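The residues making up each chain are set out below.
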Amino acid sequence: MSIDLPSVWIQDLTWQEVAEYLRHERIGLVPVGSTEQHGPAGVMGVDSYVAITLVEDVAQRSGVLCAPPIWYGDSSHHSGFPGTISVRPTTMTAVIKDVAISLVRHGFDRIVFVNGHKGSNLPSLVSSLRELHEEQLPEALFVVADPLHLARSVASTIKETNEHHAGELELSHVEYRFPGMIRKDRLTDESVDFKQVFGGFVGDDLFGPAPDGVEIIWSGDEQRRFTPSGSFSSSLGLSVEKGQKYHDHIVERLCALVDWLRSYDGPIGAKVADRRASITG
């Protein structure tokens, strides 16, 4: 059951409006992004805008609420570029836990963290929520969603080249939902020579076949040397049509997830009816 509220964003509502929502609903969406370089054409907030637009459209279609965006992520590997703001994994873990605890306290016991910073935030997100669920909040069901996994089946049918950081898909996605945000006059064909830099142990396509590889750690200064522009793959193929197809697929999958969370009554996460009743009256 959905109720009529002036916004899907918690920061735009009063506490009474949130309490009224919690009388009928238990699901909350949390967008998590980053503030980091995205090549000459992509703005610093690409990953955050990706998460924001996904949760907003899912919320509007599904009648659920979104928490305010988390604009900072694990971005130290981009720190060689001005404007990048990175938080330590320990800081991010603490923030994620505090956000989750606050939401669960008030009755949100099915919470989806949508990560727009493909892959890079996942270790902090998964480890913090797993620990929280195991040790403090067994009654809550936490989910971590990432376009890296949600778009795997469709990305290869949309993109025209290898997709990596600052590539055509993520920039097309932002341009579709935020027209004019991407500097289209600065799109580039520059890319990283993954074989030369990473020895064939790191894949050059986030949505393509991966090699039998390893995780290689590099610093922000080292990244600035192997990709002076900050681009890991070509962005020349940017198009609004690609962005819409990519976006719509992910939104559809997330809406299906919300439907499943609403009906789920399995072994993960116990109902907290008594707590919800005491909060909402």
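Scoring rules and cut-offs
Residues numbered from 1 in each chain as written. Predicted model: local features only at pLDDT ≥ 70, side-chain atom pairs only at ≥ 80, totals over all residues. Heavy atoms only, no water. Helix = DSSP H or I, 4+ residues; strand = E, 2+ residues; numbered from the N terminus. Buried < 20%, exposed > 50% of the residue type's maximum accessible area, 1.4 Å probe, protein only. Contact = heavy atoms within 4.5 Å. Polar contact = N/O pair within 3.5 Å; in protein donor to acceptor, adjacent residues only side chain to side chain. Pairing = 2+ DSSP bridges. Right-handed = clockwise from strand over helix to strand, strands pointing away. Axes fitted to C-alpha atoms, helices over the stretch in contact; angles between N-to-C directions. Parallel < 35°, antiparallel > 145°, perpendicular 65-115°, else oblique. Nonpolar A, V, L, I, M, F, W, Y, C, P; charged D, E, K, R; others polar. Phe/Tyr/Trp six-rings, centres within 6.5 Å; stacked < 30°, edge-to-face > 60°. Lys NZ or Arg CZ within 6 Å of the ring centre and 35° of its normal. Core = buried A, V, L, I, M, F, W, Y, C linked by side-chain atoms within 4.5 Å.

### A short note on the environment of His 165
Within the fold, His 165 resides in the loop between α6 (152-158) and α7 (168-177). By relative accessible area, His 165 is classed as buried at 10%. Between the C-alpha atoms of His 165 and Lys 195, which are 30 residues apart in sequence, the distance is 16 Å. Those residues in contact with His 165, other than ones at most four positions away along the chain, are Glu 36, Gln 37, His 38, His 78, Glu 170, Gly 230, Ser 231, Phe 232 and Ser 233. A polar atom in the side chain of His 165 sits 2.8 Å from the backbone oxygen of Gln 37.

### Regarding the sheet that holds strand β1 (residues 27-32)
The sheet built from 4 strands is open, its strands ordered β2-β1-β3-β4 with parallel pairing. Looking at the sheet topology across the chains shown, the edges are occupied by β2 (65-66) and β4 (141-145). Pairing geometry for β1 and β2, over 2 bridges, is parallel. Across the sheet, the residue bridging to Gly 28 is Leu 65, located in β2.

### Overview of the pairing of strand β3 (residues 110-115)
With respect to burial, β3 is a largely interior element, 6 of its 6 residues being buried. Both faces of β3 are covered, namely the face carrying Arg 110, Val 112 and Val 114 and the face carrying Ile 111, Phe 113 and Asn 115. Sheet topology note: the β1/β3 ladder contains 6 bridges and is parallel. Residue pairing in the sheet places Pro 31 in a bridge with Val 114 of β3. For the crossover that starts at β3, traverses helix α4 (residues 122-135) and ends in the parallel β4, the hand is right-handed.

### Re the packing of α7 against helix α10 (residues 240-263)
Packed helix pairs are specified by the crossing angle of their axes together with the interaxial distance, meaning the distance between the axes. Between α7 and α10, the least distance of the axes is 7 Å, while the angle of their chain directions is 90 degrees. The orientation of α7 relative to α10 falls into the category roughly perpendicular. Of the residues in α10, those touching α7 at Glu 168, Leu 169, Ser 172, His 173, Glu 175, Tyr 176 and Arg 177 are Val 240, Lys 242, Gly 243, Gln 244, Tyr 246, His 247 and Asp 248. Residues belonging to the contact of α7 with α10 are distributed by class as follows: 4 nonpolar, 5 polar and 5 charged.

### Side note on the packing of aromatic side chains
Throughout the structure, instances matching the rule amount to 12 aromatic pairs. Seen from their ring centres, Tyr 49 and Phe 178 are 4.9 Å apart, and the 50 degrees between their planes marks the pair as tilted. Of this pair, Tyr 49 sits in helix α2 (residues 46-62) while Phe 178 sits in the loop between α7 and α8 (194-198); the two residues are 129 residues apart in sequence, bridging distant segments of the chain. A ring pair is formed by Trp 218 and Phe 226, whose centres lie 5.7 Å apart and whose planes are at 75 degrees; its orientation type is edge-to-face. Every member of this aromatic cluster is reached through a ring pair, and the members are Phe 194, Phe 198, Trp 218, Phe 226 and Phe 232. Sitting over the face of the ring of Phe 81, Arg 224 holds its NZ or CZ atom 4.9 Å from the ring centroid.

### Overview of the environment of Val 99
Looking at where Val 99 falls in the secondary structure, it is placed in helix α3 (residues 89-105). Of the residues examined, Val 99 reaches a relative accessible area of 24% and is grouped as partly exposed. A C-alpha to C-alpha distance of 8.8 Å links Val 99 and Ala 67, two positions 32 residues apart in sequence. Look past the residues within four positions of Val 99 in its chain and what remains in contact with it is Val 30, Ile 70 and Phe 113.

### Considerations on the nonpolar core
Grouped burial of nonpolar side chains is what soluble globular proteins tend to show. One finds Leu 29, Phe 113 and Phe 142 to be the most contacted residues of the largest nonpolar core, which totals 65 residues. The biggest single contributor to this core is α10, with 8 residues. The contacts of Phe 113, once residues within four sequence positions are left out, are Val 30, Val 32, Ile 96, Val 99, Ala 100, Leu 125, Leu 129, Phe 142, Val 143, Val 144 and Ala 145. Counting residues in hydrophobic clusters, the runner-up holds 5 residues, among them Val 192, Phe 194, Phe 198 and Phe 232.

### Focus on the side chain of Glu 170
Along the chain, Glu 170 falls in helix α7. Within polar-contact distance, the side chain of Glu 170 engages the backbone nitrogen of Ala 166 at 2.6 Å. Residues in contact with Glu 170, not counting those within four places in the same chain, are His 38, Val 46, Asp 47, Lys 118, Glu 163, His 164 and His 165.

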